[in-house]
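# Observations on chain architecture
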Amino acid sequence: MAPPELMEDLVGEILLRLPPDEPEHLFRAALVCKPWLRILTNPEFGRRYRSFHGAPPLLGLLHRLTALQGDPVPRFASTTSMPDFPHPSSGGRRTRPLDCRHGRVLVHMLREKIMSYLVWDPVTGDRHAVPKPTIHWLIHNAGVFCAADGCDHLDCHGGPFRVVFMATDDHDLLVKVSVFSSETGVWSTPVSLGDSCECYVRHMEDAIQRDRYHLPYVQPTRAAVIRDEIYFTLRWGHAIVKYDGGNNCLSMIDPPPHNAYGISLMVMDDSSLGFVCIEGCSLHLWSRKVNSKGSAEWVQCQVIDLKTVIPVIDPGQVPSVVGSAEGVGAIFISTDAGLFTIELKSGRWRKLDEPGVYFSVLPYMSFYTPDRCRLLSLANMN
């Protein structure tokens, strides 16, 4: 018979291979016996588990709508067999989710006098209030991300974070950005996209002369974050605005040629900026690559015919892309048959939710291991 230490090592190796996108298996295993509970609640197992599987799995979804569409139902929809995480909208508060990233959810707390935004960790339950920025906005967007030096973003629970707030200022009609740091507790001085961008200024002048509908308001779709750079889109032709955190400046990027109403930015496997849209019944994926001359250009890297991939009820209804999940190569697509995810590499699809109004799907990605569910307290009791 193998010694107990060897048996525990073998069990640990087996448990290490349980899939992270179905955390119920880990939780059930933790309740089998005390030795398994001890293995699974050991912090070293958690570190090995995250390193073994790499990118955090998709645990659930929130979504946001446009101002005209109103507020979505305050619900964290689990994509696993685990129950939904409690949504921070108790007490009749109106809330609007803005972003999910690095284990955190950014929520706009509507009509709150002191706490304008909430950074919430569904796994640990931690909540951090963020005050209102100084920009006078009509339409805005924001992103949250981990600010810990050298973090691999496999276990972003606790630690410093930043919130990047971008809006079209309602007073001077300039696109502006301000950054909140959890370490300082204050917002930075706003920087503007103005005189440094000739095409932006020219379009603003033309739009003001025509009507305000054509103003390049910030689109309330999920941003893409690549290292110290965060990318948003404008309603004007889906032009892309890049905020460079290292240099604290804004610039504009023309999108790839397309003829689509709904688009989504994403982070590609090689950490380049991706642009995805649907034209007709085909999904088009572009990546911004650096060419041999050292300049960046859009390269079309994939076209997927959706007619035989994603279910639809009415063939006349065009599917729409409503988001993506970095690290797992998944695109979210809404049709009259429901909300679906499609894996770019394999082409496999899965239904996530019933038909509804989806404008920007916010994927919550994080490892959910038993120690995060306070099973350590059970281990100590036993």
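Right above here is the structure, for reference.
Sequence positions are assigned chain by chain, starting from 1 and proceeding in written order. Local features in this predicted model are restricted to residues whose pLDDT is 70 or higher, and side-chain atom pairs enter the listing and the counts only when it is 80 or higher, whereas totals over whole chains, interfaces and linings include all residues. The side-chain numbers reported here are obtained from all heavy atoms of the structure, hydrogens and water having been left aside.

## Examining the packing of aromatic side chains
Put simply, the rule reads: Here a Phe, Tyr or Trp ring, Trp counted by its six-membered ring, pairs with any other such ring whose centre lies within 6.5 Å, and the pair is stacked when the planes are under 30 degrees apart, edge-to-face when over 60, and tilted otherwise. Strands here mean DSSP runs of E at least two residues long; helices mean DSSP runs of H or I at least four residues long; both are numbered from the N terminus. Burial classes follow relative accessibility: with a 1.4 Å probe on protein chains only, a residue under 20% of its type's maximum area counts as buried, one over 50% as exposed, and anything between as partly exposed.
As enumerated under the stated definition, the model contains 15 aromatic pairs in all. Centre to centre, the rings of Tyr117 and Phe165 are 6.3 Å apart; their planes meet at 70 degrees, and the pair counts as edge-to-face. Of this pair, Tyr117 sits in strand β5 (residues 117–120) while Phe165 is found in strand β8 (residues 161–169), placing the two residues 48 residues apart along the sequence. Comparing Tyr117 with Phe165, the two get one shared label, buried.

## Some remarks on the sheet that holds strand β19 (residues 320–325)
Applicable threshold: When DSSP finds two or more bridges between a pair of strands, those strands are recorded as paired. Axis definition: a line fit to C-alpha positions, over the contact stretch in the case of helices; interaxial angles, taken between N-to-C directions, run 0 to 180 degrees.
What the 4 strands build is an open sheet, ordered β19-β20-β21-β22; its pairing is antiparallel. Edge positions in the sheet fall to β19 and β22 (349–353), since each has one partner strand and no second. Pairs of neighbouring strands in the sheet enclose a mean axial angle of 30 degrees, with direction left out of account. Looking at chain direction, strand β20 (residues 330–335) and strand β21 (residues 338–343) are connected through 6 bridges and run antiparallel. From the neighbouring strand, Ala330 faces β21, where its bridge partner is Glu343.

## Examining the sheet that holds strand β2 (residues 77–78)
The antiparallel open sheet is built from 3 strands, whose spatial order is β2-β1-β23. With partners counted over all chains shown, the strands left at the sheet margins are β2 and β23 (360–365), one partner each. Across 2 bridges, the pairing between strand β1 (residues 58–64) and β2 is antiparallel. Paired with Gly60 across the strands is Ser78, a residue of β2.

## What to know about the environment of Pro257
Quick note on the threshold: We call two residues in contact whenever any of their non-hydrogen atoms come within 4.5 Å of each other.
Mapped onto the fold, Pro257 is located in the loop between β14 (249–253) and β15 (263–267). Along the sequence, Pro257 and Gln300 sit 43 residues apart, while their C-alpha atoms lie 9.9 Å from each other. Residues within four places of Pro257 in sequence aside, it is in contact with Glu279 and Trp286.

## Describing the pairing of strand β16 (residues 273–279)
Of all 7 residues in β16, 6 are buried, a share of seventy percent or more. Where β15 lies against β16, 5 bridges are found, and the strand directions are antiparallel. In the sheet register, Met266 faces β16, and the bridge partner there is Gly274. What sits between the antiparallel neighbours β15 and β16 is a turn of 5 residues, in which Ser271 has the positive phi angle 65 degrees. Two strands pair when backbone bridges link them, and β16 and strand β17 (residues 282–290) are joined in this way by 6 bridges, in the antiparallel orientation. Looking across to β17, one finds that Gly274 is bridged to Ser287. Two successive antiparallel strands, β16 and β17, enclose a turn made up of 2 residues, where Gly280 displays a positive phi of approximately 65 degrees.

## As for unusual backbone geometry
Backbone geometry at His102 places phi at a positive 55 degrees, although glycine is not the residue there. For His102, the position within the fold is in the loop between β3 (94–101) and β4 (104–110). Positioned with a positive phi, Ser271 is a non-glycine residue whose angle comes to about 65 degrees.

## Brief notes about the pattern of salt bridges
Where charged atoms from two side chains of opposite charge come close, those side chains can pair. What counts, and what does not: The salt bridge definition used is simple: a Lys or Arg side-chain nitrogen within 4 Å of an Asp or Glu carboxyl oxygen.
For the structure on display, the rule yields 16 salt bridges. For Arg48, the salt bridge goes to Glu13, with nearest N and O atoms at 2.5 Å. On the criterion of sequence distance, the pair formed by Arg48 in helix α4 (residues 43–53) and Glu13 in helix α1 (residues 4–16) is long-range, its members being 35 residues apart. Accessibility expressed as a relative area gives 31% for Glu13, which makes it partly exposed. Between Lys351 and Glu354 there is a salt bridge; the shortest N-O distance is 3.5 Å.

## A word on the nonpolar core
Filter applied, for reference: Among buried residues, the Ala, Val, Leu, Ile, Met, Phe, Trp, Tyr and Cys ones that are joined through side-chain atoms within 4.5 Å form a nonpolar core.
Judged by nonpolar contacts, the single largest core of 19 residues is most densely connected at Val164, Met166, Val177, Ile230, Val241, Tyr243 and Leu250. Of all elements in the fold, only β8, β9 (175–181), β10 (191–193), β12 (229–233), β13 (240–244) and β14 reach the threshold of two or more residues within this core. Among the elements that make up this core, the one with the highest residue count is β9 (3 residues). Residues contacting Val241, with those up to four places away along its chain left out, are Met166, Leu193, Ile230, Tyr231, Phe232, Leu234, Leu250, Ser251 and Met252. Counting residues in each nonpolar core, the second largest holds 17 residues, with Ile278, Leu285, Val309 and Ile331 among its members.

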